[in-house]
Amino acid sequence: MNSMKKDDFVKAKHFRAFVFNDNDSIMIIQNKSRWDIPFGQIEQEDLDFEAALRRVVFAETKTALNPIVPVALINVKDRSGNETPTLVLAARMDGDAQIKAGEKTHHRLIEKRNFFMQSGYRNPLIRTLLEDAKHALFCEEVRIEHEKATQGGTEKYNYKSLF
């Protein structure tokens, strides 16, 4: 959703993120008794949503993220029924989640088809947001590759021609 402006981010204090590995599996984190995509809010030590997401994911998985892109600004109902502006982000894991043999973890990677089998993710809006997240992340990765190739003089393609 390229029509988002930086001013829109000011409305949001919370975020939810689709974090993908290189095989496009989705990271989920255990929150009490249920599994969910990474979420949180900006804390005082965070500079922005990217920093907040990096903090949350690293605390749970010891995994770095790169790149991170905004996808959409949505309203999510909290427990008291109030709507909270929430920024949806997409991110790629920079390496694999650190899981030691025999270690019980509070995170895992799940394939897309299994992700939608989870009861909370059958909503068509979630499907749309997931596809938008994958597309936004792909576009950002192509832009980064193009930038690197242009700087190194090894441009292979014109990324603008992909769209």
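In this report, we go over the structure that sits alongside the text.

What about the packing of aromatic side chains?
Considering all chains together, one arrives at 3 aromatic pairs under this definition. For the pair phenylalanine 15 and phenylalanine 49, a centre-to-centre distance of 6.3 Å together with 80° between the ring planes defines the contact as edge-to-face. One end of the pair, phenylalanine 15, is in strand S1 (residues 14-20); the other, phenylalanine 49, is in helix H2 (residues 49-61), and 34 residues separate them in sequence. Each member of the pair phenylalanine 15 and phenylalanine 49 is classed as buried. Ring geometry for phenylalanine 18 and phenylalanine 115: centres 6.3 Å apart, planes at 70°, overall edge-to-face. Residue phenylalanine 18 is located in strand S1, and its partner phenylalanine 115 is located in helix H3 (residues 112-115); the two are separated by 97 residues in the primary sequence. Grouped by ring-pair contacts, the aromatic residues Phe18, Phe115 and Phe116 constitute a single cluster. Cation over ring: arginine 108 sits above tryptophan 35, and NZ or CZ is 4.0 Å from the ring centre. For the cation-ring pair, arginine 127 lies above phenylalanine 116, with the distance from its terminal atom to the ring centre recorded as 4.0 Å.

A look at the nonpolar core
Grouped together as the largest cluster of nonpolar side chains are 22 residues, with contacts concentrated most on Phe18, Phe20, Ile26, Val71, Phe115 and Leu130. Mapped onto this core, the elements with two or more residues apiece are S1, strand S2 (26-31), strand S5 (64-77), strand S6 (83-94) and helix H4 (124-152). Looking at which element gives the most residues to this core, the answer is H4, with 6 residues. Those residues in contact with phenylalanine 18 that sit more than four places away from it in its chain are Ile37, Val88, Leu89, Ala90, Ala91, Phe115, Ile126, Leu129, Leu130 and Ala133. Counting residues in hydrophobic clusters, the runner-up holds 17 residues, among them Met27, Ile68, Leu87 and Ala91.

What about unusual backbone geometry?
Omega for the bond connecting asparagine 66 with proline 67 falls within 30 degrees of zero, at 0°, which places this linkage in the cis form. For aspartate 24, which is not glycine, the phi dihedral falls at a positive 65°. Position of aspartate 24 relative to the elements: it lies in the loop between S1 and S2. Judged by its relative accessible area of 29%, aspartate 24 falls in the partly exposed class.

Looking at the layout of surface pockets
Here the largest pocket is characterised by a volume of approximately 900 Å³. Along its surface, the largest pocket is lined by 31 residues, and Arg16, Asp36, Phe39, Val76 and Lys77 are the ones closest to its centre. Of the residues that constitute the lining of the largest pocket, the class distribution is 12 nonpolar, 10 polar and 9 charged.

Thoughts on the pairing of S2
Relative to strand S7 (residues 107-110), S2 runs antiparallel, the two sharing 4 bridges. Following the sheet pairing, methionine 27 is matched in S7 by leucine 109. Sheet analysis places S2 next to strand S3 (residues 34-36), joined by 3 bridges and oriented antiparallel. If you follow isoleucine 29 over to S3, its bridge partner there is aspartate 36. Between S2 and S3, which pair antiparallel one after the other, the connecting turn spans 2 residues, and lysine 32 there sits at a positive phi close to 60°.

Rules and cut-offs
Residues numbered from 1 in each chain as written. Predicted model: local features only at pLDDT ≥ 70, side-chain atom pairs only at ≥ 80, totals over all residues. Heavy atoms only, no water. Phe/Tyr/Trp six-rings, centres within 6.5 Å; stacked < 30°, edge-to-face > 60°. Helix = DSSP H or I, 4+ residues; strand = E, 2+ residues; numbered from the N terminus. Buried < 20%, exposed > 50% of the residue type's maximum accessible area, 1.4 Å probe, protein only. Lys NZ or Arg CZ within 6 Å of the ring centre and 35° of its normal. Core = buried A, V, L, I, M, F, W, Y, C linked by side-chain atoms within 4.5 Å. Contact = heavy atoms within 4.5 Å. 1 Å grid on protein atoms, 1.4 Å probe; cavity = no way out; pocket = protein on both sides within 12 Å on 5 of 7 lines; lining within 4 Å. Points joined across faces, edges and corners; volume = space filled by probe spheres on them. Nonpolar A, V, L, I, M, F, W, Y, C, P; charged D, E, K, R; others polar. Pairing = 2+ DSSP bridges.

Functional significance is not addressed by these values, which are geometric in nature.
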